[in-house]
Amino acid sequence: MSQTRHRHHPGEVITRHRHEEHQLIYVSSGVLAVHTDHGTWAAGAHRAAWIPARTWHEHRVHGHAEVHTLAFATQEALLPGDSPTVIAVSGLLRELLIAATEPGLAPGEARRLRAVIHDRVRRAHVAPLTLPRARDPRLAHACRLVTGDLGSPRTITWLARQVGASDRHLARLFRGEFGTTYPQWRTTTRVFQAMLELTAGSTVTETAHRCGWATTSAFVDTFTRTMGQTPGTYRAAAAGG
C-alpha cells in the first residue's frame, strides 16, 4: 500500500476529498485539523488520525506541518468504526511512522515496518480530542457563539437566551448530540483551540488569555490533564523541537 511524506504551510487547506482505502495520518511537526461531516479531529506530534475508507474529509494546516500518511486496504481495518479515530503516538510508534514514510524504502523493509505498525496501532490508546458537529440549529448557533469568543465565559443561561431555548433544553441538546455537558464541551473546545494557538507560535501565557483561562497556571493544569503534557512541551513538539 502507498505511503507519503509531504510538507504544508500554515493556513493551507486540502479541500474535501475521500480515499478508497483507509488512511493513517501522523504529523511530526505542526497540527492537521481533520474536518468531516461529523466533526473535527486533530493530528499532531503525539496523536495520529485514522480515517476510514470513503470518509469525506478536509484538512486545515496549523503551523509548518510535516505530514506522514500510510494507506491500508479496506480489509486492513486497524481500528473499528466508520468515523475517524485519534490515537496516542508513543515514541516507538512515532519513529516507525516516520521510517515507514521514508522515500525509496525497499519493499521488504516497508512490509516489516508495516507489520510492527499494525501491532502498535491496534494496541494504541484511543486519545479522543474531537469537536463534534451539531445537527440541531440552536445547538449549532450556541457553539458558534462560544467558539467565536472563547475569552468570554458564556454561561448556558446566556446561550439559551441567545438561541431561543430554555436552559434545560439546551443542556439536553449538549448531552444528546455530544454526550457531554456544556462545561465539558467548552473545555474541550478551548484545549483544541489552544493546540492551534501553541502550534502557531503563541506563548503559553498568550494562549491562556486568548482561550479564556483566568490564569496561566489554570490553563497549564487543564491542558496537561487533557493532553498528557504541558503546553510548553506541546509547543516545542509541534514546532519539531
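Reading the values: the criteria
- Residues numbered from 1 in each chain as written.
- Predicted model: local features only at pLDDT ≥ 70, side-chain atom pairs only at ≥ 80, totals over all residues.
- Heavy atoms only, no water.
- Axes fitted to C-alpha atoms, helices over the stretch in contact; angles between N-to-C directions.
- Helix = DSSP H or I, 4+ residues; strand = E, 2+ residues; numbered from the N terminus.
- Parallel < 35°, antiparallel > 145°, perpendicular 65-115°, else oblique.
- Left-handed = near helix turned anticlockwise from the far one by under 90°.
- Contact = heavy atoms within 4.5 Å.
- Polar contact = N/O pair within 3.5 Å; in protein donor to acceptor, adjacent residues only side chain to side chain.
- Buried < 20%, exposed > 50% of the residue type's maximum accessible area, 1.4 Å probe, protein only.
- Arc of directions from axis to C-beta.
- Salt bridge = Lys/Arg side-chain N within 4 Å of Asp/Glu carboxyl O.
- Phe/Tyr/Trp six-rings, centres within 6.5 Å; stacked < 30°, edge-to-face > 60°.
- Lys NZ or Arg CZ within 6 Å of the ring centre and 35° of its normal.

Novice: Run through the packing of helix 6 (residues 182-199) against helix 9 (residues 231-238), naming residues and quoting values.
Specialist: Put simply, helix 6 and helix 9 touch, their axes get as near as 8 Å, and they point 55° apart. As summarised for this structure, helix 6 and helix 9 are arranged oblique, according to the angle between their axes. The element helix 6 and its partner helix 9 pack so that their crossing is right-handed. Residues Met195, Leu198 and Thr199 of helix 6 pack against Pro231, Tyr234, Arg235 and Ala238 of helix 9.

Novice: Describe the side chain of Thr69, and please don't skip the residues or the numbers.
Specialist: Mapped onto the secondary structure, Thr69 falls in strand 6 (residues 57-72). Within the local environment of Thr69, its side chain forms a polar contact with the side chain of Thr4, the two groups lying 2.3 Å apart. Apart from the residues within four sequence positions on either side, Thr69 is in contact with Ser2, Gln3, Thr4, His6, Gln23, Leu24, Ile25 and Thr101.

Novice: Could you give me a rundown of helix 9, with the residues and numbers involved?
Specialist: For helix 9, every residue scored as buried is listed here: Pro231, Tyr234, Ala237 and Ala238. Within helix 9, the buried residues cover an arc of 125° as seen down the axis, which keeps them to one side. Buried-residue contacts for helix 9 involve strand 3 (22-36), helix 6, helix 7 (204-210) and helix 8 (216-227).

Novice: I'd like a rundown of the pattern of salt bridges, residues and numbers included.
Specialist: Two side chains with opposite charge may pair up if their charged atoms get near one another. According to the stated counting rule, one finds eight salt bridges in the structure shown. For the salt bridge of Glu95 with Arg94, the shortest nitrogen-to-oxygen distance reads 3.6 Å. We classify Glu95 as partly exposed; its relative accessible area is 45%. The closest approach of N and O atoms between Arg210 and Glu197, which form a salt bridge, is 3.1 Å. Of this pair, Arg210 sits in helix 7 while Glu197 sits in helix 6, placing them 13 residues apart in sequence. Assessed through its relative accessible area of 16%, Glu197 is described here as buried.

Novice: Could you give me a rundown of unusual backbone geometry, with the residues and numbers involved?
Specialist: We note that Arg54 has phi near 65°; this positive angle belongs to a residue other than glycine. Here Arg54 is to be found in the loop between strand 5 (47-51) and strand 6.

Novice: Lay out the packing of aromatic side chains in plain terms, naming residues and giving numbers.
Specialist: Within a pair of aromatic rings, the relevant descriptors are the distance that separates the centres and the angle that separates the planes. Going through the model one piece at a time under the given rule, you end up with nine aromatic pairs. Taken together, a centroid distance of 5.7 Å and an interplanar angle of 45° make the contact between Trp50 and Phe72 tilted. On the criterion of sequence distance, the pair formed by Trp50 in strand 5 and Phe72 in strand 6 is long-range, its members being 22 residues apart. What makes Phe72 buried here is its relative accessible area of 0%. One aromatic cluster is present, built from ring pairs that chain together Phe174, Phe178, Tyr182 and Trp185. Sitting above the plane of the Trp158 ring, Arg154 keeps its charged end 4.1 Å from the centroid.

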